[in-house]
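Chain and residue survey
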Amino acid sequence: MTEFAERGSRNTGELGRTTIADGVVAKIAFLAAGDVEGVHALGSGLSRSVGALRKRVPGGGTSTTHGVKVEVGEKQAAVDLDVVVEYGEVIPEVGKAVRENVISAVERMTGLEVVEVNIAVSDVRLPDEEEEPERVR
């Protein structure tokens, strides 16, 4: 066996550590939840308004994860979502689809085990309500 082949067989996973910030998991969960049909937005009306205002203020932050709270450990993560659903959607079905999409995306991208995804539906967007400037999708 050559020296190169011996080096190539080393387990490089034991040569350092990879850490994943809570904000990374929150962004993944935010985008995955927003991809689900029937989800209008994430966050309560107040948190969406505050988030939009913060984006306009210089240095106010660019966080796009309002409505998402995560707890990340070494091997596991838990996600809490505050969701606004489109009127007419079956809320339990939207919740199930959101949960499945978030778990799939977070586990695939981070390797963390998602132990729970809690969903709170805080509002229903009615068809005649004015369109908000910031939608999830």
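Right, let's walk through the structure included here.

Thresholds applied
Residues numbered from 1 in each chain as written. Predicted model: local features only at pLDDT ≥ 70, side-chain atom pairs only at ≥ 80, totals over all residues. Heavy atoms only, no water. Helix = DSSP H or I, 4+ residues; strand = E, 2+ residues; numbered from the N terminus. Contact = heavy atoms within 4.5 Å. Areas by Shrake-Rupley, 256 points an atom, 1.4 Å probe, with all protein chains shown as cover. Pairing = 2+ DSSP bridges. Core = buried A, V, L, I, M, F, W, Y, C linked by side-chain atoms within 4.5 Å. Buried < 20%, exposed > 50% of the residue type's maximum accessible area, 1.4 Å probe, protein only. Axes fitted to C-alpha atoms, helices over the stretch in contact; angles between N-to-C directions. Parallel < 35°, antiparallel > 145°, perpendicular 65-115°, else oblique. Left-handed = near helix turned anticlockwise from the far one by under 90°. Nonpolar A, V, L, I, M, F, W, Y, C, P; charged D, E, K, R; others polar. Salt bridge = Lys/Arg side-chain N within 4 Å of Asp/Glu carboxyl O. Expected span 1.5 Å × (residues − 1). Arc of directions from axis to C-beta.

With that out of the way, let us pick up the overall build of the protein. In terms of regular secondary structure, the protein is built from four helices and four strands. Helices and strands in the protein line up, N terminus first, as α-α-β-α-β-β-α-β. Taking all contacts inside the protein whose residues are at least 6 apart in sequence as the whole, residues at least 24 apart take part in 76%. A total accessible area of about 8900 Å² is found for the protein, and carbon and sulfur atoms account for 52% of it.

With that settled, the discussion passes to the pairing of strand 2 (residues 68–72). Bridge analysis of strand 2 against strand 3 (residues 76–86) gives five bridges, and the strand direction is antiparallel. Note that in strand 3 the partner of Glu71 across the bridge is Ala78. Hairpin connection between strand 2 and strand 3: a loop of three residues separates the two successive antiparallel strands.

Formed by 25 residues in total, the largest nonpolar core has its most connected members in Val68, Val79, Leu81, Val98 and Val102. Mapped by element, the contributors of at least two residues to this core are helix 2 (22–34), strand 1 (39–42), strand 2, strand 3, helix 4 (91–110) and strand 4 (113–125). At seven residues, the largest contribution of residues to this core is made by helix 2. Those residues in contact with Val79 that sit more than four places away from it in its chain are Ala29, Val68, Lys69, Val70, Val102, Glu116, Val117 and Asn118.

What follows concerns the packing of helix 2 against helix 4. Contact geometry for helix 2 and helix 4: axes closest at 8 Å, N-to-C directions at 140°. Here helix 2 lies oblique to helix 4, going by the angle between them. Helix 4 is crossed by helix 2, and the crossing has right-handed handedness. When helix 2 is examined against helix 4, the residues Val25, Ile28, Ala29, Ala32 and Ala33 are found in contact with a partner set consisting of Val98, Asn101, Val102, Ala105, Val106, Met109 and Thr110. Partitioning the contact of helix 2 with helix 4 into residue classes produces 10 nonpolar, two polar and no charged.

Time to look at the pattern of salt bridges. Per the stated rule, a full pass over the model turns up three salt bridges. Taking the shortest distance from any N to any O, the salt bridge between Lys69 and Glu71 comes out at 3.9 Å. Ionic pairing is found between Glu86 and Arg125, a salt bridge with its closest N-O pair at 3.9 Å. One end of the pair, Glu86, is in strand 3; the other, Arg125, is in strand 4, and 39 residues separate them in sequence.

Turning our eyes to something else, we now look at helix 4. Taking 1.5 Å of rise per residue, the 20 residues of helix 4 would be expected to cover 28 Å, and the 28 Å separating its terminal C-alpha atoms lies within 8% of that figure. Among the residues making up helix 4, those that are buried are Val94, Gly95, Val98, Val102, Ala105, Val106 and Thr110. End-on, the buried residues of helix 4 take up no more than an arc of 110°, which puts them together on one face. Turned more than 90 degrees off the buried face of helix 4, the exposed positions are Pro92, Glu93, Lys96 and Arg108.

So yeah, pure geometry; function would need other evidence.
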